[in-house]
Amino acid sequence: MTTTAADSAPASGAVPPGTAPEPTDENIWLEDIYGEQQLAWVREQNARTEDLLEDADYARLEGEILEVLDSTDKIAMVNKRGDWYYNFWKDRQNPKGLWRRTTWESYCSDAPEWEVLLDVDALAAAEGVEWVFHGANFLRPEPGQPYRRALVALSPDGGDANRHREFDVESLSFVAAAAGGFDLPTAKGNASWLDADTLLVASTAEDLPGTASSYARTGVKLRRGQSLADAPRIFEIPEGHMMAIVAHDSTPGFERTFAVDWIDFYNRSTSVLRDGEWVPVDVPTDVNLSAHRNWLLFRPQSEWTVDGTSYPAGSLLAADFEGFLAGQRGLTVLFTPDEHTSLQSWSWTRNFLLLNLLRDVSSEIRVLDPSQPGSRDGSGSGAWASTVLDACPPLHDVNAFAVDDEDEADGDSDGGRHSAGPAGAGDDFWLVATGFTTPSTLTRGRLTRQPAGGASEGPAAGVVSSHAAVKTSPSFFNEADYEVQQHFAVSEDGTKVPYFQVAARNLVLDGQNPTQLSGYGGFEVSRTPAYSGAIGRAWLERRTGGSADNGGVADGHPVHSRGGVYVVANIRGGGEYGPSWHRAALREKRHRAYEDFAAVARHLISRGVTSRERLGCVGGSNGGLLVGNMLTRYPELFGAVSCGVPLLDMRRYTKLSAGHSWIAEYGDPDVPEHWEFIRTFSPYHLLKDGVDYPETFIWTATSDDRVGPVQARKMAARMLAMGIPNVWFHEALEGGHAGASDNRQAAALQSRSQHFLWRSLAGGTA
């Protein structure tokens, strides 16, 4: 049976008045995620796909990618709590991972000595549950005492629902419920320490209500020994809103309790608890808030006018926390975006504010000093003194963030690897730098004020940084053979769209290079340069079978043994140029993201990098929706499509898993006016007979409780029923929205996608 966008018969039952009709859906039976028949269909498709892909080349590729993921030489990233540095680590011997810690002196050595706190593999074996570690949240100790108690978040299947259990890092054990230990049932939500015997919890467990988006609707105050059902409710939001969050900021001297009504993905209302009452922070719902000590920071998502002054979307503003709550509206401008530069994130050290910026998708870092007025570098970007951190090479992604903003800042530094010890780290920062052909480097630095004229007293001349590399990731392919270029394609409305191209230095521009085009284009997520040993091995260094045995020519083209070209497109809908870049592709303007991606594809073809037969695209989640639209709207541009954990049925996405939470991004298909534009980018409803579709691989995970596996199942089933050739489907039976919960699963997932694209695009390449 063929169903197109024109079909509009109801799927079942009567349609409520004012609701857009649902097109015929012959595959709705596949929406029962764990049904026996449904899983039998999944296993049948898995076997078919594995028979195609899992050959000797696949096995070699999987081994090479697993070697990258399991490397014991990769950087063990750490978080500082007290005198210890904590890390979560996975490798071949510990596929589920080890939560562990070490000292700074040991960490700086070539072979750190780690104290293992929790062996997740051993825990899973002992309890018979496939636990996936999702982090730990420490209770602030009394002054002078070490950090000891933490809430450990564990997912039973890699999904977003977690069980929170109290853990003692000194006894290396969970605190038993019989002894009063906290043990929260598995559910979506959050948990925050209020004090040693009290948690603030937002949860859907024990019959607490959930939202239409499947997240927590209620916040409770949970005492030791209480059940969630018996805990007093302190905060609640409407069912149609996205989620409720309750949290406590325990910073000494600035203790505050917050509640957030997350209305949708881009709108929220934040309140602070005062004298037993919730006091809203009076800002528009699309202004993002961040509190730090006495400061309140604001990042508006659209233009915000306060007392006659307008502040553009993507700017960063500051105010005194208590003054703003009392009604004062004096705002200090810290950053103003321009057409090339956007603010991506920020991080406070004890005395300074680090801004992570992108300038045409290359990193720039600024250090702001609240104690000094003006812009010392002449940028005019803000009212606090600003210094550019000299640490960002072109076409790289570099991010700076505090080591421990609550530690003391003694200002002493020798600039060496051991310059920042357990104490005096308040103005220390981590710097993580990476590029497509540059393995990641972890640097630690320290910020200090430079006195004007070298005097020890008086006004500062600026902020100086002493920093040095601490750890460097190993090389997994011969990076020197490749170069990174940035190009700009022109979209249908004239917008210039940047993209990165990673290719051999001697790339032949004859249209015959197997090319993998990746993108996302949603939720203000930026695609920035990043080193990937898996891409290097599986795509860049993989070789076609060209040789001189056939006289040096094949199909009129010179024969070359060549590797792949990897391309990342920075299309609208993402955050590369801030909120305006994102909002340019929201809802009824969604087509702009797809036009941008298609423009990049055409630009690659026109430049001679590749051709339709050699060009494939890959994307996951919202990126799966992106490449699903390439499949159905631009099939003439691509030879293959790899579509992962995707949204594809945009008529029913709000009824599946957490889909209701994305209405702000895509629109509400139940509203007839919205369905009119949503149907134009719903791949499941755009399939037609008689179209030469690219080869297609659709992959997902049964335990994905965010997008869910349903849309991928139905798309594959419809394409197969239509008789479209070369359609393949695979569903991992565990792994969550990432599609994998350990390195072995991740290697298998990546290998299938990469091997599928190579088989489809490189076969017979000259």
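Quick notes on the rules
- Residues numbered from 1 in each chain as written.
- Predicted model: local features only at pLDDT ≥ 70, side-chain atom pairs only at ≥ 80, totals over all residues.
- Heavy atoms only, no water.
- Helix = DSSP H or I, 4+ residues; strand = E, 2+ residues; numbered from the N terminus.
- Buried < 20%, exposed > 50% of the residue type's maximum accessible area, 1.4 Å probe, protein only.
- Contact = heavy atoms within 4.5 Å.
- Lys, Arg positive; Asp, Glu negative; His and termini not counted.
- Charge placed at Lys NZ, Arg CZ, Asp CG, Glu CD.
- Phe/Tyr/Trp six-rings, centres within 6.5 Å; stacked < 30°, edge-to-face > 60°.
- Lys NZ or Arg CZ within 6 Å of the ring centre and 35° of its normal.
- Axes fitted to C-alpha atoms, helices over the stretch in contact; angles between N-to-C directions.
- Parallel < 35°, antiparallel > 145°, perpendicular 65-115°, else oblique.
- Left-handed = near helix turned anticlockwise from the far one by under 90°.
- Nonpolar A, V, L, I, M, F, W, Y, C, P; charged D, E, K, R; others polar.
- Expected span 1.5 Å × (residues − 1).
- Disulfide = S-S within 2.5 Å.
- Polar contact = N/O pair within 3.5 Å; in protein donor to acceptor, adjacent residues only side chain to side chain.
- Pairing = 2+ DSSP bridges.

Some points on the overall build of the protein
Working step 1: Along the protein, the regular secondary structure elements total 13 helices and 41 strands.
Working step 2: Referenced to the eigenvectors of the C-alpha coordinate spread, the extents of the protein come out at roughly 75 × 60 × 60 Å.
Working step 3: The buried share of the protein, taken over its 766 residues, is 56%.
Working step 4: The long-range share in the protein, meaning contacts at least 24 apart out of those at least 6 apart in sequence, stands at 60%.
Working step 5: Each charge class in the protein was averaged separately, 67 positive and 103 negative side chains, and the resulting centres sit 1 Å apart.

Structural notes on the packing of aromatic side chains
Working step 1: For the structure on display, the rule yields 34 aromatic pairs.
Working step 2: For the ring pair Phe 88 and Phe 133, a centre distance of 4.3 Å and an interplane angle of 10° mean the geometry is stacked. Separated by 45 residues along the polypeptide, Phe 88 in strand β2 (residues 84–89) and Phe 133 in strand β5 (residues 132–138) bring together distant segments of the chain.
Working step 3: Residue Phe 88 is classed as partly exposed on the basis of its relative accessible area, which comes to 26%.
Working step 4: Classification of Phe 133 by relative accessible area gives buried; the value is 12%.
Working step 5: Among the aromatic residues, those joined into a ring-pair cluster are Tyr 86, Phe 88, Trp 99, Phe 133, Phe 138, Tyr 147, Phe 167 and Phe 174.
Working step 6: Here the basic side chain of Arg 165 rests over the ring of Phe 174, its NZ or CZ set 4.1 Å away from the ring centre.

A few points about the packing of helix α6 (residues 533–540) against helix α13 (residues 743–762)
Relative orientation and spacing of two packed helices are given, respectively, by the angle between their axes and the distance between those axes.
Working step 1: It is at 10 Å that the axes of α6 and α13 come closest, and there the two elements cross at 25°. One element, α6, and the other, α13, form an angle in the roughly parallel class. At the point where α6 passes α13, the crossing takes the right-handed sense. On α13, the residues that touch Ala 534, Ile 535, Ala 538 and Trp 539 of α6 are Gln 750, Gln 754, Leu 757, Trp 758 and Leu 761.
Working step 2: Among the residues making up the contact of α6 with α13, the classes are represented as seven nonpolar, two polar and no charged.

Brief notes about helix α9 (residues 622–633)
Working step 1: With 12 residues, α9 should reach 16 Å at 1.5 Å per residue; the first-to-last C-alpha distance of 16 Å fits that figure.
Working step 2: Within α9, 11 of the 12 residues are buried, which leaves the element mostly enclosed by the surrounding structure.
Working step 3: Buried within α9 are the following residues: Asn 622, Gly 623, Gly 624, Leu 625, Leu 626, Val 627, Gly 628, Asn 629, Met 630, Leu 631 and Thr 632.
Working step 4: Buried residues along α9 sit in contact with α8 (591–606), β38 (615–620), β39 (640–644), α10 (663–666), β40 (695–701) and α12 (710–721).

Here we look at the state of the cysteines
Working step 1: As enumerated under the stated definition, the model contains zero disulfides in all.
Working step 2: With no disulfide of its own, Cys 617 has Cys 643 as its nearest cysteine by sulfur position, at a separation of 8.5 Å.

With respect to the side chain of Ser 363
Working step 1: The residue Ser 363 is located in strand β26 (residues 362–373) in this model.
Working step 2: For Ser 363, a relative accessible area of 8% corresponds to the buried category.
Working step 3: At 3.5 Å, the side chain of Ser 363 and the side chain of Asp 397 are in polar contact.

Brief notes about the sheet that holds strand β27 (residues 384–388)
Working step 1: Across the sheet, four strands lie side by side as β24-β25-β26-β27; this open sheet has antiparallel pairing. Edge positions in the open sheet fall to β24 (341–348) and β27, since each of these has one partner strand only. In this sheet, neighbouring strand axes are inclined to one another by 30° on average, regardless of whether the strands run parallel or antiparallel.
Working step 2: Direction of pairing for β24 relative to strand β25 (residues 353–359): antiparallel, over a ladder of seven bridges. Within β25, the position partnered with Ser 345 by the bridge is Asn 356.

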